[in-house]
Amino acid sequence: MPGLLEGVKVVDFTHYFAGPYCTKLLATLGAEVIKIERPGSGDPIRSIPPFSSQRLPGESGAWFLYLNTSKKSVSLDLKSEKGREIVLKLIEGADIVVENFAPGVMERLGLGYDTLSSVNPAVVMTSISNYGQTGPYRDWKASEINLYATGGLMNITGEPEQPPLKEGAPLAQLGAGQNAFVATMTALFQAEETGEGQQIDLAIAEYATNVLENALMQYSYSGVEFTRVGNRGYGRAAWGIYPCQDGFVGIIAGPDQNWPEVSTIMQSEELADPRFASRQGRLLNADEVDALMLPWLLEHDKVDIFKAGQDHGLGFSFVAGMQDILEMEQLVARDYFVDLEHPIAGTLRYPGPPISPDRTVVEPWVYRRAPLLAEHNLEVLGDMGYDSKGVERLFAEGVI
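Given the structure is predicted, the values throughout are model-derived calculations rather than measurements.

Novice: What should I look at first to understand the packing of helix α1 (residues 18–28) against helix α7 (residues 171–194) in this one?
Specialist: If you want to describe how two helices pack, look at the angle between their axes and the distance between the axes. With their axes 7 Å apart at the nearest point, α1 and α7 run at an angle of 45° to one another. On the basis of their axis angle, the class for α1 and α7 is oblique. Crossing handedness for the pair α1 and α7: right-handed. Contact with α1, carried on its side by Ala 18, Tyr 21, Cys 22, Leu 25 and Leu 26, involves Gln 173, Leu 174, Gly 177, Gln 178, Ala 180, Phe 181, Thr 184 and Met 185 of α7 and no other residues of that element. Of the residues that constitute the contact of α1 with α7, the class distribution is nine nonpolar, four polar and no charged.

Novice: Quick question: what am I supposed to make of the environment of Leu 25 here?
Specialist: Relative to the helices and strands, Leu 25 resides in helix α1. As a C-alpha pair, Leu 25 and Val 366 span 341 residues in sequence and 9.9 Å in three-dimensional space. In this structure Leu 25 touches Gln 178, Phe 181 and Trp 365, once residues within four positions along its chain are discounted.

Novice: Explanation requested: the side chain of Thr 28 in the structure shown.
Specialist: Looking at the element boundaries, Thr 28 is found in helix α1. For Thr 28, a relative accessible area of 3% corresponds to the buried category. Within the structure, the side chain of Thr 28 is placed 2.9 Å from the backbone oxygen of Lys 24, a separation counted as a polar contact. Ignoring sequence-local partners within four residues, the contact set of Thr 28 consists of Thr 69, Ser 70, Pro 364, Trp 365, Val 366 and Tyr 367.

Novice: Even after reading the chapter, I still don't get the pattern of salt bridges, so can you show me in this structure?
Specialist: Oppositely charged side chains are able to pair whenever their charged atoms sit close together. By the definition in use, this model includes 15 salt bridges. The salt bridge partner of Lys 71 is Asp 12, with a shortest N-O separation of 3.6 Å. In this pair, Lys 71 is assigned in the loop between α2 (62–67) and β3 (72–75) and Asp 12 in strand β1 (residues 9–13), connecting sequence segments 59 residues apart. Its relative accessible area of 2% is what places Lys 71 among the buried residues. Assessed through its relative accessible area of 0%, Asp 12 is described here as buried. A salt bridge links Asp 324 to Lys 302; its shortest N-O distance comes to 2.7 Å.

Novice: Just checking my understanding: could you explain the sheet that holds β3 for this structure?
Specialist: Two modes of strand pairing occur in sheets, parallel and antiparallel, and in both the strands are linked by backbone hydrogen bonds. The six strands are arranged β3-β2-β1-β4-β5-β6 in an open sheet whose pairing can be described as parallel. Of all strands in the sheet, those bounded by a partner on one side alone are β3 and β6 (199–203). Averaged over all adjacent pairs, the angle separating strand axes in this sheet is 20°, with direction ignored. Pairing geometry for strand β5 (residues 124–129) and β6, over five bridges, is parallel. Counterpart to Ser 127 in the pairing with β6 is Asp 201.

Rules and cut-offs
Residues numbered from 1 in each chain as written. Predicted model: local features only at pLDDT ≥ 70, side-chain atom pairs only at ≥ 80, totals over all residues. Heavy atoms only, no water. Axes fitted to C-alpha atoms, helices over the stretch in contact; angles between N-to-C directions. Helix = DSSP H or I, 4+ residues; strand = E, 2+ residues; numbered from the N terminus. Parallel < 35°, antiparallel > 145°, perpendicular 65-115°, else oblique. Left-handed = near helix turned anticlockwise from the far one by under 90°. Contact = heavy atoms within 4.5 Å. Nonpolar A, V, L, I, M, F, W, Y, C, P; charged D, E, K, R; others polar. Buried < 20%, exposed > 50% of the residue type's maximum accessible area, 1.4 Å probe, protein only. Polar contact = N/O pair within 3.5 Å; in protein donor to acceptor, adjacent residues only side chain to side chain. Salt bridge = Lys/Arg side-chain N within 4 Å of Asp/Glu carboxyl O. Pairing = 2+ DSSP bridges.

Set out below in structure tokens:
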């Protein structure tokens, strides 16, 4: 069945993380996403390990395989005159363009928004950059650690008396890609209604600032910095991440009326002491509370602790590793995972759809493996009127 965005054509000039995640969401919703890659080398993320094949690492990098599912790959030299002509022909029939070059690059290539909109007034162009298309930081370089730091998230991540920490995944870039997807879809709705496109200016660092929880609000009205709280969440006792027999668990011992359940689960009369009955009481005696919980936690498995808490109406959880996730009964029961076979990387298991509608006339999410470099040159150029000999000439000239 066709996807929800069947018939929507996207020309994708993105690379690395933020842009490809935006276009991945568009592609898996059924849009035709034509990924423009540099001839010979492609998206630089192809060269980032780990690789499943040392023989062909550029076709088997985990990051590329994840971020580029359901797309088509066309290699094209954007600096060549013929390459630019091909792009403009693609734009004529496109609905969306997504790019995450440094500000000004598309203009220098002769592919700025003014040029594209003159060819197709309804086209939506989403431009993703480190700090935005304007402002004094416009041309500054940044990687994930810079963006997470300057956006403010690093300042609230870590233990109270320790230096700030970087997160595990490239959160700033993936989150910005998600915001870019939402903004692009909104602009597409308007373009379909009015026939007028627009350029979206999305800064990755601003995404990080947007998800500062209440830290910025707190500072704006009180002048008090939101401090790092580590694993003892929000200054609470019995509220955070704790070790157990086979890993770590999340213990949430609120609200107050549910606290007696903790002493029941952990078979500890001491935890039922009235001193610990309120949040304030547990906070004042936090070290003692943790010491009383720890022996029971270290004697039990994380999944058993998780289920014991849930059975008593408490929001316990556990820190899942990759094998835990692949075997999680909830995800398996919902047929969450998708297996895709790749000619180089083999069969890989991917995260599945974030929504699962009960009734639909279309398949909302369309999953296909990530493309090989230039795999769709003949298909896409053929649709534009090039025959096989014409494609061969473009290859010989270094255009593709």
